[in-house]
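# Structure assessment
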Amino acid sequence: MEKVKFAGVPFATSTPDQAVDVIISKVKAGGTALDIHFLNAYSIALAETDSGFRKCVSEAALNFPDGKPISVLQRRLHQVRGPGLFEAVMDRGREVGLRHYLLGSTDETLLKLQRSLESRYPGVEIVGSFSPPFRKLTPEELQAQDDQIRASGAEIVWVGLGTPKQDYEAARLASVGIMCAAVGAAFDFSAGTKAVSPKWVTAIGLEWVHRLLSEPRRLWKRYAWGNAVFLYAATRSSLTR
């Protein structure tokens, strides 16, 4: 798959439909496990200021531009939203019997998520789920988690732990041979525990405003800092091309 860089981070140039096809075909083909990431302006800001995170996403198998601003400023890229792709793979994966595993969030959200997906996509195969503790896991706990995933027969693990934790975990899972994708808030949106922004808001690249208004106390610092650093990184990137 062709890739181009934005602010020094490599992104796949595929359309949303092509991304779904590629992921399903890669999963069913087996072989090398991939870590798949959906990066937005905040992700770029983190990569700009955190060398560990930059290394993580720069070495990832596939990065897709989740945020509209990235695809606007780098015109060879198409926005590929994590929540939308997550549901599209759930839907179209039924044709080939794709087996899914859900990692992250809370037990309550995971239960709502599985019920929602099974109701809307009859026949979807969700073979397991796990809500890890909200702390760093010990090596023994990580081994037990990985063993549980393998025993489930899952072909792809969807990781919803929040940025950047989910990206580090996706990279780790791929390194031990587990196919995975870090999809952020997709679990909450699909489960109905968080409101999805109107389509017209997403289309013009202002989904972040909708999220900020929905959770101002939790997100205002993230967007105030993240957007400023993103603009700096985008400007620097355009001047050096």
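Everything numeric in this text was worked out from a predicted model, so none of it was measured.

To continue, consider the side chain of Ser131. Relative to the helices and strands, Ser131 resides in the loop between strand 6 (125-130) and helix 7 (139-152). The exposure class of Ser131 is buried, given its relative accessible area of 17%. Among the polar contacts listed, one links the side chain of Ser131 to the backbone oxygen of Ser105, at a separation of 2.5 Å. Setting aside anything within four residues of it in sequence, one finds Ser131 in contact with Gly104, Ser105, Thr106, Asp107 and Leu110.

Following both chains from N to C, one finds helix 3 (residues 51-58) and helix 8 (residues 165-175) inclined at 50°, their axes separated by 10 Å at the closest point. By the angle between their axes, helix 3 is oblique relative to helix 8. In this structure, helix 3 meets helix 8 at a crossing whose hand is left-handed. When helix 3 is examined against helix 8, the residues Gly52, Phe53 and Cys56 are found in contact with a partner set consisting of Asp167, Tyr168 and Ala171. For the contact of helix 3 with helix 8, the class distribution of residues is four nonpolar, one polar and one charged.

Next up on the list: the pairing of strand 5 (residues 99-104). Burial runs high along strand 5: five of the six residues are buried. Two strands pair when backbone bridges link them, and strand 5 and strand 7 (residues 156-160) are joined in this way by five bridges, in the parallel orientation. Bridge pairing links Tyr101 to Val157 in strand 7.

Here six strands make up an open sheet; going across it, the order is 4-3-8-7-5-6 and the pairing parallel. Two strands close off the open sheet at either side, each with one partner strand: strand 4 (62-65) and strand 6. Sheet twist, expressed as the mean angle between neighbouring strand axes with direction ignored, is 20°. Pairing between strand 3 (residues 35-39) and strand 4: four bridges, direction parallel. Bridge assignment links His37 to a residue of strand 4, and that residue is Asn63.

Helical geometry note: an α-helix holds 3.6 residues per turn, so side chains three or four residues apart project in the same direction. Those residues of helix 3 that fall on the buried side of the exposure criterion are Phe53, Cys56 and Val57. All buried residues of helix 3 project into a common sector of 85° when viewed along the axis, lining one side. Contact partners of the buried residues in helix 3: strand 2 (9-12), strand 3, helix 2 (41-49), strand 4 and helix 8.

Here the focus is the packing of aromatic side chains. The full count for this structure, using the stated rule, is six aromatic pairs. Counting every residue linked through ring pairs, the aromatic cluster contains Phe86, Trp158 and Phe187.

Following both chains from N to C, one finds helix 7 and helix 8 inclined at 65°, their axes separated by 12 Å at the closest point. Classified by the interaxial angle, the pair formed by helix 7 and helix 8 is roughly perpendicular. Note on packing geometry: the crossing formed by helix 7 with helix 8 is right-handed. Along the contact surface, helix 7 presents Leu142, Gln145, Asp146 and Ile149, while helix 8 presents Glu169, Arg172 and Leu173.

Calculation criteria
- Residues numbered from 1 in each chain as written.
- Predicted model: local features only at pLDDT ≥ 70, side-chain atom pairs only at ≥ 80, totals over all residues.
- Heavy atoms only, no water.
- Helix = DSSP H or I, 4+ residues; strand = E, 2+ residues; numbered from the N terminus.
- Buried < 20%, exposed > 50% of the residue type's maximum accessible area, 1.4 Å probe, protein only.
- Polar contact = N/O pair within 3.5 Å; in protein donor to acceptor, adjacent residues only side chain to side chain.
- Contact = heavy atoms within 4.5 Å.
- Axes fitted to C-alpha atoms, helices over the stretch in contact; angles between N-to-C directions.
- Parallel < 35°, antiparallel > 145°, perpendicular 65-115°, else oblique.
- Left-handed = near helix turned anticlockwise from the far one by under 90°.
- Nonpolar A, V, L, I, M, F, W, Y, C, P; charged D, E, K, R; others polar.
- Pairing = 2+ DSSP bridges.
- Arc of directions from axis to C-beta.
- Phe/Tyr/Trp six-rings, centres within 6.5 Å; stacked < 30°, edge-to-face > 60°.

Fair warning: the whole summary comes from geometry, so function is off the table for now.
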